[in-house]
Amino acid sequence: MLIASWNVNSVRTRLEHVLAWLEHTQPDLLCLQETKVDDPLFPAEAFESSGYQLSFHGQKAYNGVAMLSREPLDDVRKGFIGELAEDGEALQLGEQKRVISALIDGVRVVNLYVPNGSSLTSEKYPYKLRWLACLKRYLEAARTRDEPLCVVGDFNIAMEARDIHDPERLSGGIMASDAEREALHQALGDSMNDVFRVFEPDAGHWSWWDYRSGAWNRDSGWRIDHIYLSDDLLSTARGCVIDKQERGREQPSDHAPVVVDLCWPPAEEEEEDDWE
């Protein structure tokens, strides 16, 4: 099972890029972030004609998440209220369309577009921390069903120095502050694993390059797009890669897709013959 995550920075602007990537890569599930389109205008037909079933949760010009799957999308839950129906803050934070989840072949996949926060002095920064605190409650609620859990998305947080091209200058600032990192760590808990780091421990691997300041040409990037797997799923992982070449296309998204390859569902052990 190939599961992919990609902040496309407007699904309609990048539609041909996404369709070409789907045809080439053939993922079983593609989770999109920052789709920037209200639901009635989502280009569903283009993806359905490519063999994908869809669910999306969007708004005009901002935010937005979507799931494109070759398998049926079961028990789709949109927004924080999908898990926290009685949580008033979840309802308020859900005004920004940033969360969607579904069951795909028995795996609960949660697709997130975490707020950026803008700067440490912006009013958007405490909002980001509130959002991450709500994510903690959301994931705790999801875990009560004991479903294998995969959490993907644009997290807008580089968790370690090796996830930033210039950690000496940028550590401690927005997307790399201690408070953000700790809030995300608390939300994920100890049972979720950053699968990319299982296969690639070295620095120098980025998923986002700012459009400004020639960041792409200088390879001055950040690794802020992640895939996390619960312990029971991690044992089925065969690899995880960042498809960097997509960032080099003409008029690209500023993010590259991240893809994990899972041996799922796990093969059943063959029954031993009874020789007696």
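What counts and what doesn't
Residues numbered from 1 in each chain as written. Predicted model: local features only at pLDDT ≥ 70, side-chain atom pairs only at ≥ 80, totals over all residues. Heavy atoms only, no water. Buried < 20%, exposed > 50% of the residue type's maximum accessible area, 1.4 Å probe, protein only. Helix = DSSP H or I, 4+ residues; strand = E, 2+ residues; numbered from the N terminus. Arc of directions from axis to C-beta. Contact = heavy atoms within 4.5 Å. Core = buried A, V, L, I, M, F, W, Y, C linked by side-chain atoms within 4.5 Å. Disulfide = S-S within 2.5 Å. Pairing = 2+ DSSP bridges.

## Examining helix H1 (residues 15-25)
Given 3.6 residues to a turn, an α-helix orients residues that are three or four positions apart in the same direction. All of the buried residues in H1 are Leu15, Val18, Leu19, Trp21 and Leu22. Buried residues of H1 fall within an arc of 165 degrees about the axis and therefore sit on the same side. Residues of H1 that are exposed and point over 90 degrees away from its buried face: Glu16, Glu23 and His24. Where H1 is buried, its residues touch strand E1 (2-7), strand E2 (29-33), helix H2 (44-48), strand E4 (65-69) and strand E12 (258-262). A positive phi of about 55 degrees marks glutamine 26, the residue just after H1.

## Let's talk about the nonpolar core
Counting 31 residues, the largest nonpolar core has Ile3, Met67, Val109, Cys150, Leu229 and Leu262 as the members making the most contacts within it. The contacts of leucine 262, once residues within four sequence positions are left out, are Met1, Ile3, Leu229, Leu233, Thr236, Ala237 and Arg238. Phe80, Val114, Tyr138 and Met192 belong to the second-largest nonpolar core, a separate cluster that totals 26 residues.

## Side note on the side chain of glutamine 33
Looking at where glutamine 33 falls in the secondary structure, it is placed in strand E2. Judged by its relative accessible area of 0%, glutamine 33 falls in the buried class.

## A look at the state of the cysteines
Tallied over the full model, the rule gives zero disulfides. The thiol of cysteine 150 is unpaired, and the distance to the nearest cysteine sulfur, on cysteine 31, comes to 7.1 Å. The class for cysteine 150 is buried, based on a relative accessible area of 0%. For cysteine 263, which is in no disulfide, the shortest distance to another cysteine sulfur is to cysteine 150 and amounts to 15 Å.

## As for helix H6 (residues 178-188)
For H6, the set of buried residues is Glu180, Arg181, Ala183, Leu184, Ala187 and Leu188. Buried residues in H6, looked at end-on, bunch into an arc of 165 degrees, giving them a common side. Where H6 is buried, its residues meet helix H4 (124-143), strand E9 (192-194) and strand E10 (225-230). Once H6 finishes, glycine 189 follows within two positions and takes phi at roughly 75 degrees, a positive value.

## Some remarks on unusual backbone geometry
The omega torsion of the bond from tryptophan 264 to proline 265 falls at -5 degrees, within 30 degrees of zero and hence cis. Mapped onto the elements of the fold, proline 265 is located in the segment after E12. In this structure, asparagine 9 is a non-glycine residue whose phi angle is positive, near 50 degrees. Looking at the secondary structure, you find asparagine 9 in the loop between E1 and H1. The buried category is assigned to asparagine 9, whose relative accessible area is 9%.

## Some thoughts on the pairing of strand E7 (residues 107-113)
Remember that side chains alternate between the two faces of the sheet whenever the strand is regular. Judged by how many residues are buried, E7 sits mostly within the fold: seven of seven residues are covered. Here E7 shows two buried faces, one formed by Val107, Val109, Asn111 and Tyr113 and the other by Arg108, Val110 and Leu112. Of the strand pairs in this sheet, strand E6 (residues 99-104) and E7 are connected by six bridges, and their pairing is antiparallel. Residue pairing for E7: valine 99 is matched across the bridge by leucine 112. Remark: two residues form the turn of the hairpin made by E6 and E7, two consecutive strands paired antiparallel; aspartate 105 in that turn has positive phi of roughly 55 degrees. Relative to strand E8 (residues 149-154), E7 is paired through six bridges, and the arrangement is parallel.

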